[in-house]
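So you can see what is in the structure, the chains are spelled out below.
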Amino acid sequence: MGAFYSRILGVRRGRNAVGHSEHRSSANGGVVEHRSNGTCLPYDTRQYFSPLCPIRKLSDELILRVFSFLDMVSLCRCAQVCKDWNILALDGSNWQNMDLFDFQTAIEGVVVVHMSQRCGGFLRVLSLRHCLSVEDDALIMFARNCPNIEHLVLRKCIRITDRTVHSLSDNCSHLKHLDLHMCRSISNRSCRYLSAGCKQLEHLDVSNCPRITADGIRALTLGCKCLRTLILEYCQEMTDVAMETIALHCDSLLKLNIRHCSAVTDAGILTITRHCHELEKLNISGCDQLTDASLRHLGTGCPHLRVFEAAECSQFTDSGFLSLTTVSDCGIEFKLNLVCFLMHCRDVGTWKKWILKSV
């Protein structure tokens, strides 16, 4: 695990990952910690090893409980105190949730493999966002070593391919959240793999994955019927056929993002509104084929809609947006808590001014 410290956190003898401190012996047999800001913090390590030290009276279970509240850097510091603490600090139960974004430039495949071997079945949440050097081979080993992973962020891991998703499908049946944003080598094969092996999937982000098409979404929705969030932003191959399969097989969908899926028309939105009545958040910005008919469908079919983004939808007008209002004894009222983003909708004028005053 020495490689784990040095390559992720830079923790090694004489250098601290965060404070860049150095340890030198003092005259009394203890240690003086010299920090990068010029301060010196003397302490005597013999205090811990003394039988009278209160910390030594704590059971391993209590120390593990304390360690469970520490972040990664603090755990690695504790692991350097003594052999007992090294064992406890590196216990897999302390490493259930890991975000390696702060160390993205140092993350390589060997680091991911070492980490997965250490955490094993304890690991539930892992973020490797922006870790550009991570490749398929490391993530295949990760999937085998960490079968209980539930939340995995591979955002902008640009070197991974369908092989990674295939391994996740084979080994990680508990996966609920998967972020593949801008993993451009991901294709429809990944959708089929997820459909076959990750049936508990609730959140999927394949935005900016240009090789994902309507066929892939159809395969995905046939197996992943628990989807609550689906992000397809900038997937240019999405069509009304994709919207139909989403509507038919994911009727419990809460959030849908089809921003700049410019092939989607009013017919696709109509099928969504007929089946996805629980929809709360919708982003259709840049879908320039949509007209006021889509707004009317949303007004009648999605009563729980709360966040609606429709920037750059040039065919929307004031008349269409009135469909998202309700009529009461006091006249027209905006739907409770509905937030709209309407930039560059050229024919939205009076209504937009009215709603800004209402909010």
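Now for a look at the structure at hand. (Residues numbered from 1 in each chain as written. Predicted model: local features only at pLDDT ≥ 70, side-chain atom pairs only at ≥ 80, totals over all residues. Heavy atoms only, no water.)

1. Thoughts on helix H10 (residues 214-223)
No. 1: Where burial is concerned, most of H10 is hidden: seven out of the ten residues are buried.
No. 2: Considered for burial, the residues of H10 that qualify are Ala214, Gly216, Ile217, Ala219, Leu220, Thr221 and Gly223. (Buried < 20%, exposed > 50% of the residue type's maximum accessible area, 1.4 Å probe, protein only. Helix = DSSP H or I, 4+ residues; strand = E, 2+ residues; numbered from the N terminus.)

2. Some remarks on a nonpolar patch on the surface
No. 1: A cluster of nonpolar side chains, contributed by Ile55, Leu58 and Leu62, occupies part of the molecular surface with about 240 Å² of accessible area.
No. 2: Looking at where Ile55 falls in the secondary structure, it is placed in the loop between helix H2 (46-49) and helix H3 (60-67).
No. 3: Residue classification places Ile55 among the partly exposed residues on the basis of a relative accessible area of 35%. (Patch = residues over 30% accessible without salt bridge, like charges linked within 9 Å, V, L, I, M, F, W, Y side chains within 5 Å. Areas by Shrake-Rupley, 256 points an atom, 1.4 Å probe, with all protein chains shown as cover. Salt bridge = Lys/Arg side-chain N within 4 Å of Asp/Glu carboxyl O.)

3. Let's talk about the packing of aromatic side chains
No. 1: Evaluated as defined, the whole model comprises three aromatic pairs.
No. 2: Ring centres of Phe67 and Trp85 lie 5.4 Å apart, and the angle between their planes is 80°; this geometry places the pair in the edge-to-face category. Within this pair, whereas Phe67 is found in helix H3, its partner Trp85 is found in helix H5 (residues 83-89), the two being separated by 18 residues in sequence. Of the two residues, Phe67 and Trp85, both sit in the buried class.
No. 3: Between Phe316 and Phe321 the ring centres are 5.7 Å apart and the planes differ by 85°, which places this aromatic pair in the edge-to-face class. Side by side, Phe316 and Phe321 carry an identical accessibility label, which is buried.
No. 4: Here the aromatic cluster, defined as three or more aromatic residues joined through ring pairs, consists of Phe308, Phe316 and Phe321. (Phe/Tyr/Trp six-rings, centres within 6.5 Å; stacked < 30°, edge-to-face > 60°.)

4. Topic: the pattern of salt bridges
No. 1: Evaluation of the coordinates by the stated rule reveals six salt bridges.
No. 2: Across the salt bridge formed by Arg159 and Glu135, the nearest N and O atoms sit 3.1 Å from each other. Here Arg159, found in the loop between strand S6 (151-153) and helix H8 (162-171), pairs with Glu135, found in the loop between strand S5 (125-127) and helix H7 (136-145); they are 24 residues apart in sequence, far enough to count as distant.
No. 3: For Arg159, a relative accessible area of 44% translates into the label partly exposed.
No. 4: Where Asp179 meets Arg155, a salt bridge forms, and the shortest distance between an N and an O atom there is 3.0 Å. Of this pair, Asp179 sits in strand S7 (residues 177-179) while Arg155 sits in the loop between S6 and H8; the two residues are 24 residues apart in sequence, bridging distant segments of the chain.

5. Section: the packing of helix H11 (residues 240-249) against helix H12 (residues 266-275)
When two helices pack together, their arrangement is given by the angle between the helix axes and the distance between those axes.
No. 1: Across the interface, H11 lies against H12 with an axial gap of 8 Å and an inter-helix angle of 5°. Put simply, H11 runs roughly parallel to H12. Where H11 approaches H12, its residues Asp240, Met243, Glu244, Ile246, Ala247 and Leu248 are matched on the opposing element by Ala267, Gly268, Thr271, Ile272 and His275. (Axes fitted to C-alpha atoms, helices over the stretch in contact; angles between N-to-C directions. Parallel < 35°, antiparallel > 145°, perpendicular 65-115°, else oblique. Contact = heavy atoms within 4.5 Å.)

6. What to know about the environment of Ser252
No. 1: Looking at the secondary structure, you find Ser252 in the loop between H11 and strand S10 (255-257).
No. 2: When its relative accessible area of 29% is taken as the criterion, Ser252 is described as partly exposed.
No. 3: For the pair Ser252 and Leu227, spaced 25 residues apart in the sequence, the C-alpha separation amounts to 7.3 Å.
No. 4: Excluding anything up to four places from it in sequence, Ser252 contacts Leu227 and Arg228.

7. Observations regarding helix H13 (residues 292-301)
No. 1: Within H13, seven of the ten residues are buried, which leaves it mostly tucked inside the rest of the structure.
No. 2: Residues Asp292, Ala293, Ser294, Leu295, Leu298, Gly299 and Gly301 constitute the buried set of H13.

8. Observations regarding the environment of Cys146
No. 1: Note on placement: Cys146 falls in the loop between H7 and S6.
No. 2: The exposure class assigned to Cys146 is buried, which follows from its relative accessible area of 0%.
No. 3: When near neighbours in sequence (up to four residues on either side) are disregarded, Cys146 contacts Ser116, Gly120, Leu123 and Cys172.

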